[in-house]
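# Summary of structural features
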Amino acid sequence: MKTKTRSEAATLPLNQILAGDCIEVMNALPEESIDLIFADPPYNLQLRGDLHRPDNSKVDAVDDAWDQFDSFRIYDDFTRDWLKAARRVLKPNGAIWVIGSYHNVFRLGAELQNQGYWILNDVVWRKSNPMPNFRGKRLTNAHETLIWASKNEAAKYTFNYEALKALNEGIQMRSDWVLPICNGGERLKDENGEKAHPTQKPEALLHRLLVGTTNPGDVVLDPFFGTGTTGAVAKMLGREFIGIEREEKYRVVAEKRIASVRKYDREALAVSASKRAEPRVPFGQLVERGLLRPGEELVSMNGRSKAKVRADGTLIAKDVKGSIHQVGAHLEGAPSCNGWTYWTFRRDGKQVPIDVLRQQIRAEMQ
């Protein structure tokens, strides 16, 4: 878990929904204070007239004032300004997700690159239950596109590869995600029983995104907060959030929603970690700690090779001496060798991989 400086913790309005224009509010936040931004900006759908189903009932489409811009130039100016404000508040190793449709996502992508963001992936969210195309003049719009970008090319952004792999039954997570749109009990309603927000995102989408690219304790900013999906999922997953929302009716719904959310317990929030992220344990530390003794014999997993442990944490075998990796590679006639999985030691009549001892030390360190 990342620790915050005293000044940062004191000035960041954590776990709050801030009212106002997102550009003005972001410009008032401390510089380089945010770990991740999820942005679901207006799509500028350019709707022309009402849309009706075959039975002549009206479709509740996105026709709100906040999604209407007089020209592409005005929309581009807005995009430039909010992305600039967003980049200012991102930490040096921070990242951003933006989501859009064919109406706006290409303009978003171009502006991200114009401002120095480094695009990491575009993800296609394929909707398993999309709204049909009622006019029958185009293909059904069955997906939206997310762009994941770091603050710059050199940023050491968070990517929990093993956690996403675990979510996908042990298979590397791909860049096409099949998830349903928000419906059923998850779809929030207003006092009249109507949809509280026309483009409410499903919690499953934010769950995958936050598990994969943030850690518990990270600060997640959503400058277009709507009814608070980002905040609800962040709270459940032990992340801090800051929401910005101009429309009071959405803030009211979001506040009520998030107040009812319970955070998962600490043990449940732990995710599968990458091997590279685990603490480094030199083989010599096993010797220093007495877990292996100088002169003790190691045997290869295949039983073909033997070597003796030396006091400085190296091995000696036949005509070769060196690290557990170097000696293993020489004996196998291979260009490289992972000594941790190659060598075993004998305990209670059984051959045990030396990696067991490494994991023992790692457990103590953590």
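The structure reproduced in this document is the subject of the present report.

Calculation rules
- Residues numbered from 1 in each chain as written.
- Predicted model: local features only at pLDDT ≥ 70, side-chain atom pairs only at ≥ 80, totals over all residues.
- Heavy atoms only, no water.
- Pairing = 2+ DSSP bridges.
- Helix = DSSP H or I, 4+ residues; strand = E, 2+ residues; numbered from the N terminus.
- Axes fitted to C-alpha atoms, helices over the stretch in contact; angles between N-to-C directions.
- Contact = heavy atoms within 4.5 Å.
- Phe/Tyr/Trp six-rings, centres within 6.5 Å; stacked < 30°, edge-to-face > 60°.
- Buried < 20%, exposed > 50% of the residue type's maximum accessible area, 1.4 Å probe, protein only.
- Salt bridge = Lys/Arg side-chain N within 4 Å of Asp/Glu carboxyl O.

Attention shifts here to the sheet that holds strand 11 (residues 315-317). Either a parallel or an antiparallel arrangement is found when strands of a sheet pair, and the pairing is made through backbone hydrogen bonds. Read from one edge of the open sheet, six strands run 12-11-10-9-13-14, paired in antiparallel fashion. The outermost strands of the open sheet, each flanked by one partner alone, are strand 12 (320-322) and strand 14 (350-353). Direction aside, neighbouring strands of the sheet carry axes that sit 35° apart on average. Of the strands in this sheet, strand 10 (306-309), strand 11, strand 12 and strand 13 (343-347) touch helix 11 (residues 324-332), which is tilted by about 155° from strand 12.

Counted according to the given criterion, the structure contains eleven aromatic pairs. Residues Phe-225 and Phe-241 carry aromatic rings whose centres are separated by 5.8 Å and whose planes lie at 10° to one another, so their mutual orientation is stacked. Remark: Phe-241 occurs in strand 8 (residues 240-245) and Phe-225 occurs in the loop between strand 7 (219-222) and helix 7 (229-236); sequence separation between them is 16 residues. Judged by its relative accessible area of 4%, Phe-225 falls in the buried class.

Time to look at the sheet that holds strand 5 (residues 143-150). If you walk across this open sheet you meet the eight strands as 1-8-7-2-3-5-4-6, and the pairing is mixed. Since the sheet does not close on itself, it has two edges, and those belong to strand 1 (16-19) and strand 6 (176-179), each with one partner. Put simply, the sheet's adjacent strands are angled 20° from each other on average, direction ignored. Relative to strand 5, strand 4 (residues 118-127) is paired through eight bridges, and the arrangement is antiparallel. Residue pairing for strand 5: Asn-121 is matched across the bridge by Trp-148. Along the sheet, helix 8 (residues 248-259) contacts strand 1 and strand 8; its crossing angle with strand 1, the most-contacted strand, is approximately 175°.

To continue, consider the environment of Lys-151. With respect to the helices, strands and loops of the structure, Lys-151 is situated in the loop between strand 5 and helix 5 (161-167). Taking the relative accessible area as the measure of exposure, Lys-151 reaches 9% and is therefore buried. Along the primary structure Lys-151 and Gly-94 are separated by 57 residues, whereas in three dimensions their C-alpha atoms are 5.8 Å apart. Not counting chain neighbours up to four residues away, the residues in contact with Lys-151 comprise Glu-32, Arg-87, Arg-88, Leu-90, Lys-91, Pro-92, Gly-94, Gly-116, Tyr-117 and Trp-118.

Here the focus is the pattern of salt bridges. Tallied over the full model, the rule gives 15 salt bridges. Here Glu-247 makes a salt bridge to Arg-246, at a shortest N to O gap of 3.4 Å. Glu-247 sits in the partly exposed class, given a relative accessible area of 24%. Among the charged side chains, a salt-bridge network with shared partners connects Arg-73, Asp-77, Arg-80 and Asp-81.

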